[in-house]
Amino acid sequence: MKLLFSVIVGMMVALELCGAQTIFPYRVGDFEVFMLVESTGTSRPGILIGADDAQLQRYLPAGTYQSETNTFVIRTPDRILVIDTGFGGAIFDSLKTLNIGPEQVDAVLLTHLHGDHIGGLARNGQSLFPNATIYLSSAEQEYWTVTNPNQGAINALAPYKTRTTTFAPNQLNESRTSLFPGISAIAAFGHTPGHTMYLLESKGQTLLIWGDLMHVQDIQVPVPSISVTYDTDPAAAARIRTQVLQYAASTGIPVAGMHLVYPAIGGIRLENNTFRFSPSIQR
Ligand SMILES: [Zn+2]
């Protein structure tokens, strides 16, 4: 396993030399984590709610920000897990690079049911991860399939009907129950009504994959009260964003996000009363 990891890291370095930074390998104890870039581009900050001119000038002086969509693959000693599936594009190329067949994936853990997270679940009514069980919060499933039915979400989940597990995520600061050894779900409702983060813990190392806790890190890390138009409940999103940043800064737990930019994994610290993000180096 260690040798395979080194070979893969070697391949990644080669990829980086070609200028294609699409996979970032990371280790959490016995877990191999791979951050996979699904798409990247430059966007304008029209989606921000509550940012004033001074804040825009200070944190987004170019008037644009780098946007990215990511997914994660985790190889534990006994399972292969995918967290979110992006649009269903680059993830399959990245899995091939990692020598992982979609049929080898045991479970797909979903942070929420927006299209840029579930686009790789199914095509033409067929599941693209033929042996995987889907895990998602019951609040998220309920919202998009019953309360506010969304055809995209319903179609994506349909082929997995007999292999879907729903759960109530833990709260941020409570003692946790796990979905699998070393993997637990934590509620971060706000972006969507059942939005869920996943905490990895192995051999004393940790990583919090926070899903869509934020979309524009340059301004939402220092000013977590700024939400985006994609947030179902912008006020709740701002509250949980602030709480999670405080939690990450005080515990030192590294964080990862689906819309953080490459390497999309790093640490949060509080400096002069302002949160800062430091991108991770490989480990
Ligand atoms: Zn998203």
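Residue positions are counted from 1 within each chain, in the order its sequence is given. Residue-level local features of this predicted model are given only where pLDDT is at least 70; pairs of side-chain atoms are given and counted only at 80 or more, and the full residue set underlies all totals for whole chains, interfaces and linings. Based on all heavy atoms of the structure, the side-chain values leave hydrogens and waters out of the count.

Moving on, we get to the overall build of the protein chain. Elements are defined by DSSP. Helices are runs of H or I of four residues or more, strands are runs of E of two residues or more, and each kind is numbered from the N terminus. Counting its secondary structure elements, the protein chain contains 8 helices and 17 strands. Scaling as 2.2 N^0.38, a compact globule of 283 residues should have a C-alpha radius of gyration of about 19 Å, and the protein chain matches this with 18 Å. In terms of overall dimensions, the protein chain has C-alpha extents of about 50 × 45 × 35 Å along its principal axes. Note on exposure labels: buried denotes an accessible area under 20% of the residue type's maximum, exposed denotes more than 50%, and partly exposed covers the range between, all computed with a 1.4 Å probe on protein chains only. Across the 283 residues in the protein chain, those meeting the buried criterion constitute 54%. Considering only contacts in the protein chain between residues 6 or more positions apart, those separated by 24 or more positions represent 67%. The Shrake-Rupley method, run with a 1.4 Å probe, gives the accessible areas here. Residue values count only the displayed protein chains as cover. Of the accessible surface of the protein chain, which amounts to about 12,000 Å², a share of 51% is contributed by carbon and sulfur atoms. The atom set for the radius of gyration is the C-alpha atoms, and the globule formula is 2.2 Å times the number of residues raised to the power 0.38. Note on definitions: a residue-residue contact is assigned when non-hydrogen atoms from the two residues lie within 4.5 Å.

Bringing the pairing of strand β13 (residues 205-209) into the picture now. Among the 5 residues in β13, 4 count as buried, and that is most of the element. DSSP bridges decide pairing: two strands pair if at least two such bridges lie between them. The hairpin formed by strand β12 (residues 196-202) and β13 contains 2 residues between the paired strands, and Lys203 there has a positive phi angle of roughly 50°. In terms of strand pairing, β13 meets strand β15 (residues 255-256) through 2 bridges, oriented parallel. Looking across to β15, one finds that Ile209 is bridged to Ala256.

One finds Phe72, Leu109, Leu200, Leu207, Ile209, Trp210 and Ile268 to be the most contacted residues of the largest nonpolar core, which totals 48 residues. Ranked by the residues each element gives to this core, the list is headed by helix α8 (residues 234-251), at 5 residues. Grouping buried Ala, Val, Leu, Ile, Met, Phe, Trp, Tyr and Cys residues that are joined through side-chain atoms within 4.5 Å yields what is termed a nonpolar core.

What follows deals with the sheet that holds β13. The 6 strands lie next to each other as β11-β12-β13-β15-β16-β17, forming an open sheet whose pairing is mixed. Bordering the open sheet on either side are β11 (183-187) and β17 (274-279), each of which pairs with just one other strand. As paired strands, β15 and strand β16 (residues 265-271) are joined by 2 bridges and run antiparallel to one another. Bridge pairing links Ala256 to Ile265 in β16.

What follows covers the confidence of the model for the protein chain. Regions with low pLDDT carry predicted coordinates that are not meant to be interpreted in detail. Looking at any residue, its pLDDT shows the predictor's confidence there, from 0 to 100. Taken as a whole, the protein chain shows an average pLDDT of 93; of its residues, 92% reach a score of 70 or greater. Contacts from residues 1-19, a stretch scored under 50 in pLDDT, to residues over four places away or in other chains number 25 contacts.

As a further point, take the coordination of the zinc ion. In this analysis a donor is any N, O or S atom within 2.8 Å of a metal ion (3.2 Å for sodium, potassium and calcium), and since water is not included, sites may seem incomplete. Around the zinc ion, the protein contributes the donor atoms Asp116 (OD), His117 (NE2), Asp212 (OD) and His259 (NE2), which lie 2.1 to 2.3 Å from the metal centre. Square planar and octahedral assignments, for four and six donors respectively, both demand that opposite donors be over 155 degrees apart and that all other angles lie between 65 and 115; tetrahedral needs four donors with all angles between 85 and 135 degrees, and anything else is irregular. Taken together, the 4 donor atoms coordinating the zinc ion span angles of 85 to 174° at the metal, a pattern that classifies the geometry as irregular. Counting along the primary sequence, the residues that act as donors to the zinc ion give the motif D-H-x94-D-x46-H. Here Asp116, found in helix α4 (residues 115-118), pairs with His259, found in the loop between β15 and β16; they are 143 residues apart in sequence, far enough to count as distant. The burial state of Asp116 is the same as that of His259; both residues are buried.

Multiply 1.5 Å by the residue count of a helix minus one, and that product is the helix's expected span. Here α8 contains 18 residues, and its C-alpha end-to-end distance of 25 Å stays within 8% of the 26 Å for a straight helix at 1.5 Å per residue. Here α8 has its buried residues at Ala236, Ala237, Ala238, Ile240, Arg241, Val244, Leu245, Tyr247 and Ala248. In the stretch just after α8, Gly252 is the one whose phi turns positive, near 80°.

Now for the environment of Asp52. Positionally, Asp52 belongs in the loop between β3 (48-49) and α2 (53-59). Distance in space between the C-alpha atoms of Asp52 and Thr251 is 31 Å, their sequence separation being 199 residues. Pairs of N or O atoms within 3.5 Å make up the polar contacts considered here, provided that, within protein, one atom can donate a hydrogen while the other can accept it, and that residues adjacent in sequence are counted only when both atoms are side-chain atoms. A polar contact of 3.1 Å, which involves the side chain of Asp52, links it to the backbone nitrogen of Ala54. A distance of 2.8 Å separates the side chain of Asp52 from the backbone nitrogen of Gln55, its partner in a polar contact.

Cis peptide bonds are those with omega within 30 degrees of zero, and the linkage from Tyr262 to Pro263 qualifies with 5°. The topology assignment puts Pro263 in the loop between β15 and β16. A positive phi angle is found at Asp84, which is not glycine, with a value near 65°.

Before going further, it helps to examine the packing of aromatic side chains. What counts as a ring pair is set by centres within 6.5 Å for rings of Phe, Tyr and Trp (its six-membered ring), and what kind of pair is set by the plane angle: stacked under 30 degrees, edge-to-face over 60, tilted for all other angles. Evaluation of the coordinates by the stated rule reveals 6 aromatic pairs. On the numbers, 5.7 Å between centres and 80° between planes, the contact of Phe24 with Tyr262 is edge-to-face. In this pair, Phe24 is assigned in strand β1 (residues 23-28) and Tyr262 in the loop between β15 and β16, connecting sequence segments 238 residues apart. By the burial criterion, Phe24 is buried, and Tyr262 matches it. Judged by centre distance (4.8 Å) and plane angle (90°), the rings of Tyr143 and Trp144 are edge-to-face. With a relative accessible area of 9%, Trp144 lands in the buried category.

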